[in-house]
Amino acid sequence: MKIAPSILSANFANLLEDVKKIEKDADLLHIDVMDGHFVPNITIGPVVVKSLRKFFSLPFDVHLMIENPDLYIEEFANSGADIITVHQEACIHLHRTIQKIKGYGKKAGVSLNPATSLETLKYILQDVDMVLIMTVNPGFGGQKFIDSMLKKIEELNKLRETLKLDFKIEVDGGINIHNVKEVVRAGADIIVAGSAIFDSSNPAQTIKEFREAIEK
Ligand SMILES: O=C(CO)[C@H](O)[C@H](O)COP(=O)(O)O
Ligand SMILES: [Co+2]
């Protein structure tokens with residue numbers, strides 16, 4: 001089980017120091033890219049990813065919440081992303097987009113908004129390294145976990161077993177030390193947490209508490 005702090009809730013004016021706080025305890029760094037079109041918010045682009053890459057060696061998990069992701073995959077790949085995740089809802093030619101990400105030697109993920117069915121991934125599951133289940137509507141940190149998504153995670157986990165596939169299941173949105181265990185029990189391999197980690201007084205300690213809550 002891996003923990004990926006989302007820098008969406010970090011202090012963007014002090015990003016370097018905030019990421020240093022979690023560097024040793026995090027498994028991945030989750031980077032939320034928003035374009036103001038696919039989601040009603042604008043965050044960061046490849047320039048910031050490239051700047052962070054110079055200081056950190058932990059894997060960068062780049063979550064693209066943008067329209068036309070094909071236009072930016074090369075730039076994000078070259079900026080130092082390790083995993084690039086696109087939204088099913090933003091891709092007209094999803095298979096081509098996934099192949100493009102892999103073509104740059106990166107791990108390829110696909111994400112689903114809460115209202116999008118697992119059925120939409122039926123013909124792509126065998127091609128992806130990761131499926132990212134959104135448990136809030138994407139766009140903002142600090143939102144409430146949508147409980148009905150637990151069933152979706154369980155169904156995806158069962159599907160993975162039935163099809164004998166080995167993609168990872170990442171879950172993103174509204175996760176905290178109180179609900180993380182249920183999310184892991186449902187089948188999550190990677191937990192994204194933004195506000196629960198960066199809004200806490202001691203982000204590194206909060207990651208440890210996440211791990212304790214899961215093991216309990
Ligand atoms: O993709 C995202 C929002 O679209 C973020 O990764 C997610 O919301 C994390 O923040 P929090 O843990 O505060 O919900
Ligand atoms: Co995210």
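Here the structure is a predicted model, which is why all the values come from computation and not from measurement.

Colleague: Residues and numbers for the overall build of the chain, please.
Modeller: What the chain contains, in helices and strands, is eight helices and eight strands. Relative to a compact globule of 216 residues, whose C-alpha radius of gyration would be 17 Å, the chain shows 16 Å and is just as compact. Each of the 216 residues in the chain was classed as buried or not, and the buried ones make up 41%. The long-range share in the chain, meaning contacts at least 24 apart out of those at least 6 apart in sequence, stands at 63%.

Colleague: Describe the environment of Ser 111, listing the residues and the values that go with them.
Modeller: By the element assignment, Ser 111 lies in strand 5 (residues 107–112). Residues Ser 111 and Asp 172, spaced 61 residues apart in sequence, show a C-alpha to C-alpha distance of 9.6 Å. Apart from the residues lying within four places of it in its own chain, the contact partners of Ser 111 are His 63, Thr 85, Val 86, His 87, Gln 88, Leu 132 and Met 134.

Colleague: Lay out the site of ligand 1 with the relevant residues and their values.
Modeller: With respect to spatial proximity, 22 residues lie near ligand 1, and among them Ser 6, Pro 138, Gly 141, Gly 194 and Ser 195 are the closest. When residues of the shell around ligand 1 are traced back to their parent elements, those giving at least two are strand 2 (29–34), strand 3 (60–65), strand 8 (190–193) and helix 7 (195–198). The residue inventory of the shell around ligand 1, partitioned by class, reads eight nonpolar, 12 polar and two charged.

Colleague: Give me the pairing of strand 7 (residues 168–172): which residues, what numbers.
Modeller: As paired elements, strand 6 (residues 130–134) and strand 7 share five bridges and run parallel to each other. Bridging from a neighbouring strand, Met 130 pairs with Lys 168 of strand 7. What joins strand 6 to strand 7 is helix 5 (residues 149–163), and the crossover it makes is right-handed. Both strand 7 and strand 8 contribute to a ladder of three bridges, which runs parallel. Paired with Glu 170 across the strands is Ile 190, a residue of strand 8.

Colleague: Which residues make up the confidence of the model for the chain, and what values go with them?
Modeller: Detailed reading of the predicted model is not advised wherever pLDDT is low. Averaged over every residue, the pLDDT of the chain is 98; the share at 70 or more is 100%. Across the whole predicted complex the pTM is 0.98, and at the interface the ipTM reaches 0.98.

Colleague: Please give an account of the sheet that holds strand 4 (residues 83–87) that cites residues and values.
Modeller: Two modes of strand pairing occur in sheets, parallel and antiparallel, and in both the strands are linked by backbone hydrogen bonds. Overall, parallel pairing links the eight strands, which are arranged 1-8-7-6-5-4-3-2 in an open sheet. Here the strands that pair on one side only, and so sit at the sheet edges, are strand 1 (2–5) and strand 2. Taken over all neighbouring pairs, the strand axes of this sheet differ in orientation by 25 degrees on average, direction set aside. Helix-sheet contacts for helix 8 (residues 203–215) involve strand 1 and strand 8, and the interaxial angle to strand 1 is about 150 degrees.

The rules behind each value
Residues numbered from 1 in each chain as written. Chains lettered and ligands numbered in written order. Predicted model: local features only at pLDDT ≥ 70, side-chain atom pairs only at ≥ 80, totals over all residues. Helix = DSSP H or I, 4+ residues; strand = E, 2+ residues; numbered from the N terminus. Rg over C-alpha atoms; globule rule 2.2 N^0.38 Å. Buried ≥ 20, exposed ≤ 12 C-beta atoms within 10 Å, placed from the backbone. Contact = placed C-beta atoms within 7 Å. Near = placed C-beta within 6 Å. Nonpolar A, V, L, I, M, F, W, Y, C, P; charged D, E, K, R; others polar. Pairing = 2+ DSSP bridges. Right-handed = clockwise from strand over helix to strand, strands pointing away. pLDDT = per-residue confidence, 0-100. Axes fitted to C-alpha atoms, helices over the stretch in contact; angles between N-to-C directions.

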